[in-house]
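Here is how the chains run, residue by residue.
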Amino acid sequence: MTDLETCRRHILSEDYRDFIGNHVRTPFFESIMRDGQCEQDAGFDYKCFYLPSELTGPISLSRFSYNSIPKCFTPTSLETLNQAGILPVQNYPTLQLKGRGVLIGFLDSGIDYTNEVFRNIDGSTRIAAIWDQTVQSGTPPEGFAYGSEFTKMQINEALEQENPLALVPSSDDTGHGTYTASLAAGSGNPQEQFLGAAPEASIAVVKLKQAKQYLKDYYFIPEDAVCYQETDLMLGLKYLNDLADSLSLPLVVCITVGSSMGGHIGTLPLSYLIEGYSSKANHITVIGVGNEADKRHHYFNTIADISDNKSVEIRVGENVSGFSLELWTDIPNILSISILSPSGENTSRIPFRVGASAEVDFLFERTKVSIDYRLLVEKSTSELVFFRFDAPAPGIWKIVIEPLTLADGEFHMWLPVTEFLSGEVYFLEPDPYYTLTNPATTDSPIVVSYYNGNTDAVSQSSGRGYTRSQRINPDITAPGVDVPGALPGGRFAARTGASAAAAVTAGAVALMLEWLLYYENVPGIDTYQVKSLLILGTVRPRTMEYPNREWGYGQLNLYNTFETIRQL
């Protein structure tokens, strides 16, 4: 194992490549590890490895397993408490629930810790700790090799200074983290008529660093996109859970990032870790569904028989630098592909060879397309065809899907989330369902879609279920359209998106944990039990059948949950 400073340099350096391994895949990495290489424990048998680029060579699926290459995630958003039934619970005389004794954790862009909504009446902070992965001048958390941890004591000391950032140099550049934390746990601001869902909860924040450039290049992610890599999220998740255990506090983790990468059945390493931590007593995870339902980035079809094929058309606009594309199907379906360019160049069928890569140069378009066939992707019974379109010519690209063997014939294709595209790329015949962003396809967490709380209308952008394996996600829906929240610098603004609904729900869960653990003296409760209680209290307009792909089992209403429990 390397010393701390060397390991920090490896984690931050563009000359090192980052990988994910577990007890199944770890022996491969251990075989190429040298003395002095860095690794970080992410929990549940997962490790993050940092290896020199000259040792690993180019990143490709022909050399590395699909799950070992970190995926990239982006933030899921750009009179609410009353709509969600939270305000009555806060004010009910015999309850007065405010989230006391509960820790709410965030993996996001940071937090404006100087904001009044994150302070007690005496001006002291309600933030238990911040792990800022982007600041290297301080001491990393115990067990981690990079970033700086700022404790409650340090934050309080900074708040007494004329220039707090000189002592605790952690800020929120985009405002996304401050906004979501304020919705979940912000104190009241009468002038703005603002109040968070759990205004007396403790707060913990991981400020995620930006993904390395080589990963953004691999996935063709635009230079200015906010992009977090899976390894940092995994380590951040471990930090929040370790912190809650050290403070002996119940934990609600609010996850407001998403990606269209992965098989949409909860098998990415991040999803696996979330599943593990969510199985622990009093550790509850809440995840938003993303904003991809109306973006035309998902395609679904069924091949009828062995002589059938399907032609998938993708519209590519001007000046698109590149994009990735994933095709998923379940074994024993095995599919092969051919590609037709806008000018009519045809690859014919690209031979199926397990673990092999093919590169096709379209001369007239000056476009390079690489194709990887992966059979038996980790922790799934799936085939993956992974595409990388480099400098795609504008126009209509056609991908012809042909069966080699066939069962139900169903297959899905996903383009990247909007934020990860440098221009217009979409399917001409899209399917708005199965558009939950990962990790909202994970089984145990509370997965929340969003609707307009003023009109009771489903948001057109809110990610829709189910998972590719037909598991019922989302579980519930919460307000997420034009929701006001705090921003850095004492400003307030209304925003729309999956992050808002997830944050409101995380605050509601904190109130429920406060009641169960401190009023009812329940010894412990897991995510499934909390999810079931929320589902019991949902409001279900009669115009829909439940569960459904947009709202799950209905609208979050915490007061109704308590009423339902009281009557049982």
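Quick note: structure is the one above.
Residues numbered from 1 in each chain as written. Predicted model: local features only at pLDDT ≥ 70, side-chain atom pairs only at ≥ 80, totals over all residues. Heavy atoms only, no water.

Chemist: Lay out the packing of helix α11 (residues 498-519) against helix α13 (residues 558-567) in plain terms, naming residues and giving numbers.
Modeler: The N-to-C vectors of α11 and α13 enclose an angle of 30°; their axes lie 10 Å apart at closest approach. Comparing the axis directions of α11 and α13 gives the class roughly parallel. Here α11 and α13 pass one another in a crossing that is right-handed. Every residue of α13 that contacts α11 at A508, L511, M512 and W515 is listed here: L558, T561, F562 and I565. For the contact of α11 with α13, the residue count by class is 7 nonpolar, 1 polar and no charged. (Axes fitted to C-alpha atoms, helices over the stretch in contact; angles between N-to-C directions. Helix = DSSP H or I, 4+ residues; strand = E, 2+ residues; numbered from the N terminus. Parallel < 35°, antiparallel > 145°, perpendicular 65-115°, else oblique. Left-handed = near helix turned anticlockwise from the far one by under 90°. Contact = heavy atoms within 4.5 Å. Nonpolar A, V, L, I, M, F, W, Y, C, P; charged D, E, K, R; others polar.)

Chemist: A description of helix α10 (residues 269-278) should follow, citing residues and the corresponding values.
Modeler: Most of α10 sits out of view: 8 of its 10 residues are buried. For α10, the full list of buried residues reads P269, L270, S271, L273, I274, G276, Y277 and S278. (Buried < 20%, exposed > 50% of the residue type's maximum accessible area, 1.4 Å probe, protein only.)

Chemist: Explain the packing of aromatic side chains residue by residue, including any values.
Modeler: Here the structure, examined in full by the defined rule, presents 20 aromatic pairs. Look at W131 and Y146: their rings are 5.4 Å apart centre to centre, the planes differ by 65°, and that puts the pair in the edge-to-face class. In this pair, W131 is assigned in strand β6 (residues 127-132) and Y146 in the loop between β6 and β7 (148-151), connecting sequence segments 15 residues apart. With respect to burial, W131 and Y146 carry one shared label: buried. When the centroid spacing of 6.0 Å and the interplanar angle of 35° are considered together, the rings of Y299 and F411 count as tilted. Separated by 112 residues along the polypeptide, Y299 in strand β13 (residues 298-302) and F411 in strand β21 (residues 410-414) bring together distant segments of the chain. F411 shares its class with Y299; the two are buried. The ring centre of Y433 lies 5.5 Å from the NZ or CZ of R549, which sits over that ring. (Phe/Tyr/Trp six-rings, centres within 6.5 Å; stacked < 30°, edge-to-face > 60°. Lys NZ or Arg CZ within 6 Å of the ring centre and 35° of its normal.)

Chemist: Residue-level account of the sheet that holds strand β11 (residues 257-258), with values.
Modeler: Backbone-to-backbone hydrogen bonds join strands into a sheet, with any given pair of strands oriented parallel or antiparallel. Spatially, the 3 strands line up as an open sheet ordered β9-β4-β11, and their pairing is antiparallel. Because the sheet does not close on itself, it has two edges, and the strands there are β9 (228-229) and β11. Relative to β9, strand β4 (residues 72-75) runs antiparallel, the two being bridged by 2 bridges. Bridge assignment links F73 to a residue of β9, and that residue is Y228. (Pairing = 2+ DSSP bridges.)

Chemist: Kindly report on the sheet that holds strand β16 (residues 334-340), identifying the contributing residues and their values.
Modeler: Spatially, 4 strands are ordered β16-β20-β14-β22 in an open sheet, and the strand pairing comes out antiparallel. Whereas interior strands pair on both sides, the edge strands pair on one side only; in this sheet they are β16 and β22 (425-427). Direction aside, the axes of adjacent strands within the sheet are offset by 25° on average. Two strands pair when backbone bridges link them, and β16 and strand β20 (residues 395-405) are joined in this way by 7 bridges, in the antiparallel orientation. When the sheet's bridge partners are listed, I339 is paired in β20 with I399.

Chemist: Outline the side chain of R388, listing residues and values.
Modeler: Note that R388 resides in strand β19 (residues 382-390). Comment: no salt bridge for buried R388; closest opposite-charge side chain is D390, at 5.7 Å. Separated by 2.8 Å, the side chain of R388 and the backbone oxygen of Y218 make a polar contact. In this structure R388 touches D217, Y218, F220, F323, S324, K368, V369 and S370, once residues within four positions along its chain are discounted. (Lys, Arg positive; Asp, Glu negative; His and termini not counted. Salt bridge = Lys/Arg side-chain N within 4 Å of Asp/Glu carboxyl O. Polar contact = N/O pair within 3.5 Å; in protein donor to acceptor, adjacent residues only side chain to side chain.)

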